[in-house]
Amino acid sequence: MELQNREVKWGEIGYITFKRTYARRLKEDSISSKTEEFWQVVKREIDASDKQLGVGFTDAEKQRYFDTRMDLKWSVAGRFMWQLGTKTVDKQGLPSLQNCAGVVVDSPIRPFTWTFDMLMLGSGVGYNIQREYVYQLPKVKKKVKIERVDNASADFIIPDTREGWVKFLAKVLKAHFYSGEGFTYSTQLIRSKGAPIKGFGGVASGPEELCWGIGEISKILNSRSNQKVKPIDCLDIMNIIGFIVVSGNVRRSAQIAIGDSDDLEFIQAKRWDLKSIPNWRAMSNNSVACDDITKLPDEFWQTYEQGEPYGVINIKLSRKVGRAGETQYPDPDVVVFNPCAEQSLGNYETCCLGEVYLPNIDTYEELLEVISFSYRMNKHSLALKCSLKETEDIVHKNMRMGIGMTGILQATEQQREWLKDAYVWLREYDKEYSAKHNFPPSIKLTTVKPSGTLSLLAGVTPGVHPNPAGPYYIRRVRIATNSPLVDVCRKHGFHVEPVLNFDGKEDNNTMVVEFPCKLPETTPVAANYTWKEQLDMVKRMQEEWSDNSVSCTVYYRKEDLEEIKQYLAEHYATSFKTISFLLYHGHGFVQAPYETITKEQYDELVSKTTPIATVEVMESDFELADCDNGSCPIK
């Protein structure tokens, strides 16, 4: 069987999105090597389905897998595209392929080191910092001094490995919570910034951000000497860990923090208008745990007037039902969600995703076919070994996955109507397949995620959202300053500028490139959809397709708030597991991922640019600002 290159009908910036996010170097040990084309990535997936996952596709199935992927009918998760077939999967197994991870902060070391480890492997991490968990941590000891000396006399020489960085963080936390004794450390073994990373890919970040982050974590803990830490402290420590992880411009740090709805310090943690908020708090999406929308305090709703609106997480409903109203698939382990809040998770649990481009599906039978491909890839990946014992145990028990739909609003009503029956079919398929292969049935199977990057490949609307801007708009892309693509974009006439932090200062490590785009006239855009239409579709997808959650950022205007509260008071408890909101205008985000422009502005910008049709030499080290705050999802 020969799998060969052929034309792909990319979305408007689909090719460059693919090339920059998912294509690996053909020679991993050479930073200047050419990167893969799409057919080579799909072939790598198929080869790995045998060699690493043991799926056992027949030759005919492999050909159909290849054809449907090349036709952009569906996609494995971005993690799979990036990692399958690499030595990282051979070495790390389960965690290297998981999109989503979650943990409860109820002890002083393991939740933080586990998060650090998972983020560096590329998973997004959610963490629950409600008081009932955080107050289980012991008091911080006396103030300790942790000092960098960078010579052989240091008490601890940090190994130049992911495990070494995690061990360093653990040693710091032990000093603050248990021993009360400081120590010296050396970074002399850590590769300099820009050195290539074999296996995972990308380039090394160097030691500076690690040292900075550890110093900030120590400041926070020293400020609580002889006291208990608070949820806001745990939020800051997690955010700083994320800041360290992104410093190499290879890994993205997608996080969600879930706190109490009456924790005012937490609720105001991202009130950027107060001017004294540290930049690292941009690392997480924040939500409150809430099963009764009417009990949210006024301070919560104030974030909808100014600052960054928090989402709401209905853990009670997530434990009780699969699809809304369907109680035969309870999920009692749920304590946290993934960063985009479409996947419910237990403590230390991970899960994997897949995606179907619903508008590109021609028949119901084709829908079932691509769902089965996605299911089998996910199921076998969940059976891989994991060095993290607590994670292996819960993943192998729950076998949780999320096969998602994207382009839902762009699809026809007939295509949407297929989903209800397709879910019933998938549940039966899982029972039969699991029994045949001696797997436990999956506790959850389906989802609707934001789908920023993957939707861009095919040029369909993201998840259950209308297109955030348009029909003419600017799409902003973040790229590492040292990436060759920055010069490529400049040469093709695209506007390039440094990232602006929330405090207004430039971050010269990362550049933002602006791409002028236009949509077909029939594409639904946010300007033409009311908040109620969006919530109604979320409710429908929660009832008909997703047994996990439906991740949606609903666009609203300030004058809509009272009606939104009334709608949620009626429907939230029984129909919404998670939901978040964003002001349609005046949200305050500079360099937002999407910005609507006029046709005249579009024509002027296009006249100054030439399309990027091929990319020969690239380093896959950049971020698309997929969610509205730029932190989720990740590749």
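Residues numbered from 1 in each chain as written. Predicted model: local features only at pLDDT ≥ 70, side-chain atom pairs only at ≥ 80, totals over all residues. Heavy atoms only, no water.

Draft legend 1. Structural detail: the sheet that holds strand 6 (residues 183-186). Strand order across the open sheet formed by three strands is 4-6-5, with parallel pairing between neighbours. The strands lining the two open edges of the sheet, one partner per strand, are strand 4 (146-148) and strand 5 (156-157). Strand direction decides the pairing type here: strand 5 and strand 6, joined by two bridges, are parallel. For phenylalanine 156, the partnering residue across the bridge sits in strand 6 and is tyrosine 185. The strands touched by helix 8 (residues 162-179) are strand 4, strand 5 and strand 6; relative to strand 6, the strand with the most contacts, the crossing angle is about 165°. (Pairing = 2+ DSSP bridges. Helix = DSSP H or I, 4+ residues; strand = E, 2+ residues; numbered from the N terminus. Contact = heavy atoms within 4.5 Å. Axes fitted to C-alpha atoms, helices over the stretch in contact; angles between N-to-C directions.)

Draft legend 2. Quick peek at the pattern of salt bridges. Tallied over the full model, the rule gives 45 salt bridges. One salt bridge in this structure joins aspartate 233 and arginine 224, with 2.7 Å as the shortest N-O distance. Of the charged contacts, one joins aspartate 331 and arginine 400 as a salt bridge, the two residues approaching to 2.6 Å between their closest N and O atoms. With a gap of 69 residues between them, aspartate 331 in the loop between helix 13 (315-320) and strand 10 (336-337) and arginine 400 in the loop between helix 15 (389-398) and strand 13 (401-406) connect regions that are remote in the sequence. Here the two residues aspartate 331 and arginine 400 agree in accessibility, since each one is buried. Beyond isolated ion pairs, a larger network of salt bridges with shared partners links Asp331, Glu349, Arg400 and Lys444. (Salt bridge = Lys/Arg side-chain N within 4 Å of Asp/Glu carboxyl O. Buried < 20%, exposed > 50% of the residue type's maximum accessible area, 1.4 Å probe, protein only.)

Draft legend 3. Main features of the state of the cysteines. Under the defined criterion, the tally for this structure stands at zero disulfides. We note that cysteine 386 lacks a disulfide partner, and the nearest cysteine sulfur, in cysteine 352, lies 13 Å from it. (Disulfide = S-S within 2.5 Å.)

Draft legend 4. Structural detail: the environment of threonine 596. Mapped onto the secondary structure, threonine 596 falls in strand 20 (residues 594-596). Threonine 596 sits in the partly exposed class, given a relative accessible area of 39%. With residues up to four places along the chain from it excluded, the contact list for threonine 596 reads Ala469, Gly470, Tyr472 and Tyr473. A polar contact is formed between the side chain of threonine 596 and the backbone nitrogen of glycine 470, at a distance of 3.2 Å. (Polar contact = N/O pair within 3.5 Å; in protein donor to acceptor, adjacent residues only side chain to side chain.)

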